[in-house]
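# Fold and geometry: a report
For reference, the chains in residue letters:
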Amino acid sequence: HAKVGGKNRSRFYDPAMSRTLIRRREIEHELRAAIQRDELSIFFQPIVDLESGRIRTFEALVRWFHPEKGELTPDEFIPVAEETGVIVTLGNWITAQAARAAVHWPDDVSLAVNLSPLQIKAPGAALGILSALREAGLDPSRLELEVTESLFLDDNHATAGFIEALSSAGVHFALDDFGTGYSSLGYIDRFPFRKIKVDRSFVSGPNVGRKSEAIIRAVAEMGAQLDMEIVAEGLETVDQVSAVRAAGCTLGQGYYFSRAVPDYLAAVLLAQERATEAVKRTAV
Ligand code: C2E
Ligand code: MG
Ligand code: MG
Ligand code: MG
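An account of the accompanying structure is given in this report. Given the structure is predicted, the values throughout are model-derived calculations rather than measurements.

A few words now on the coordination of the magnesium ion (ligand 3). Protein coordination of the magnesium ion (ligand 3) is provided by Asp176 (OD), Asp177 (OD) and Glu233 (OE), with donor distances spanning 1.8 to 2.2 Å. Motif for the magnesium ion (ligand 3), donor spacing along one chain: D-D-x55-E. Under the relative-accessibility criterion, Glu233 is labelled buried at 10%.

Time to look at the pattern of salt bridges. Summed over the entire model, instances satisfying the criterion amount to 16 salt bridges. Glu51 is paired through a salt bridge with Arg245; the nearest N and O atoms lie 3.6 Å apart. Here Glu51, found in the loop between β1 (40-49) and β2 (55-66), pairs with Arg245, found in helix α10 (residues 238-247); they are 194 residues apart in sequence, far enough to count as distant. Linking Glu273 and Arg274 is a salt bridge whose minimum nitrogen-to-oxygen distance equals 3.3 Å. The exposure class assigned to Glu273 is buried, which follows from its relative accessible area of 14%. Linked by salt bridges that have partners in common, Arg54, Asp108, Glu273, Arg274 and Glu277 make up one network.

The next point concerns the side chain of Gln45. Its location among the elements puts Gln45 in strand β1. A residue is classified by how much of its surface remains accessible, and Gln45, at 7% relative accessible area, is buried. Side-chain polar atoms of Gln45 contact the side chain of Gln253, separated by 2.9 Å. Within the structure, Gln45 has its side chain in polar contact with the backbone oxygen of Ser258 (distance 3.0 Å). Leave out the neighbours within four places in its chain, and Gln45 touches Thr57, Phe58, Glu59, Leu61, Gln253, Gly254, Tyr255, Ser258, Arg259 and Ala260.

Next up on the list: the site of ligand 1. Looking at ligand 1, there are 22 residues lining it, with Arg63, Asn114, Asp176, Glu236 and Tyr255 nearest. Measuring from an oxygen atom of ligand 1, one finds a backbone N or O atom of Tyr255 at 2.8 Å. Considered on its own, ligand 1 offers 800 Å² of accessible surface; in the complex 85% of this is hidden by protein. Because more than half of its atoms lie within 2 Å of the grid, ligand 1 is assigned to the largest pocket. Among the elements of the structure, β2, α3 (74-84) and β6 (172-178) are those that each provide at least two residues to the shell around ligand 1.

The rules behind the values
Residues numbered from 1 in each chain as written. Chains lettered and ligands numbered in written order. Predicted model: local features only at pLDDT ≥ 70, side-chain atom pairs only at ≥ 80, totals over all residues. Heavy atoms only, no water. Donors = N, O, S within 2.8 Å, 3.2 Å for Na, K, Ca; no water. Buried < 20%, exposed > 50% of the residue type's maximum accessible area, 1.4 Å probe, protein only. Salt bridge = Lys/Arg side-chain N within 4 Å of Asp/Glu carboxyl O. Helix = DSSP H or I, 4+ residues; strand = E, 2+ residues; numbered from the N terminus. Polar contact = N/O pair within 3.5 Å; in protein donor to acceptor, adjacent residues only side chain to side chain. Contact = heavy atoms within 4.5 Å. Near = heavy atom within 4 Å. Areas by Shrake-Rupley, 256 points an atom, 1.4 Å probe, with all protein chains shown as cover. 1 Å grid on protein atoms, 1.4 Å probe; cavity = no way out; pocket = protein on both sides within 12 Å on 5 of 7 lines; lining within 4 Å. Sits in = over half its atoms within 2 Å of the grid points.

Shown next as structure tokens:
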């Protein structure tokens, strides 16, 4: 029968093995080398103040430019990195790289980094993040870690200890993709989230309607009561922007404002914003 991926692999060939499984194996193997080969890079997507229109935060989103497979999305390789444990090395590298870019931004612009649950449970996880910040020279208060509800599925000491250690160092937390998981209000109560990011599925897609608008409104109401900011994800049209504003969201993120861009373009976006403001201030 046909060989797959050269002579070394034919021994392992199983006709039942799906293409996706083969691809996963390749990704696992290559991901370990990808950092050294400089194939990964961090892109940045602005999170915008819906009142002033100013960029308040850039979210770091990892990209893999594979020499043969082309651009791979995080949804393809982050799960593989999690299953294989590569996520710990990868996660620390991502935080370090992102922090190195963020030190060049104005002090009032923060950096958001996504964390995988497995990363948090690794020994020394909190120290790894703090030392990445120290090396880059980024103040911990400028970092915001985005975690999802899945983190709390097996609620344990490791998670609480991690959040506690970083919070007391000044790092902020945001609850990502809110509304897609178990959405228990218990951990909003127990953990110090500064932001809640309402999942994109409430903003755009086939199921969006009066119900999803009411849900956003209720979450925004809760945010206001608890002094948390509510971010609407996935804003693609001006109508969506005005809808989530009307519902009470204070921050927005999505292609309508900008896609994730390389670090030099993030700096350009910020420079343009400052220039516009400087001109406004000097206007007679
Ligand atoms: P996320 O943290 O919820 O990030 C938002 C995702 O939505 C990003 O996809 C972003 O490009 C996409 N997005 C932003 N605005 C829009 C929009 O207007 N329309 C649409 N259709 N999509 C929009 P991306 O970069 O492919 O990342 C997917 C997920 O992979 C992220 O979801 C996050 O969970 C994970 N991820 C990305 N980077 C990292 C990372 O560095 N570490 C970890 N652990 N996970 C990451
Ligand atoms: Mg995120
Ligand atoms: Mg999200
Ligand atoms: Mg997501």
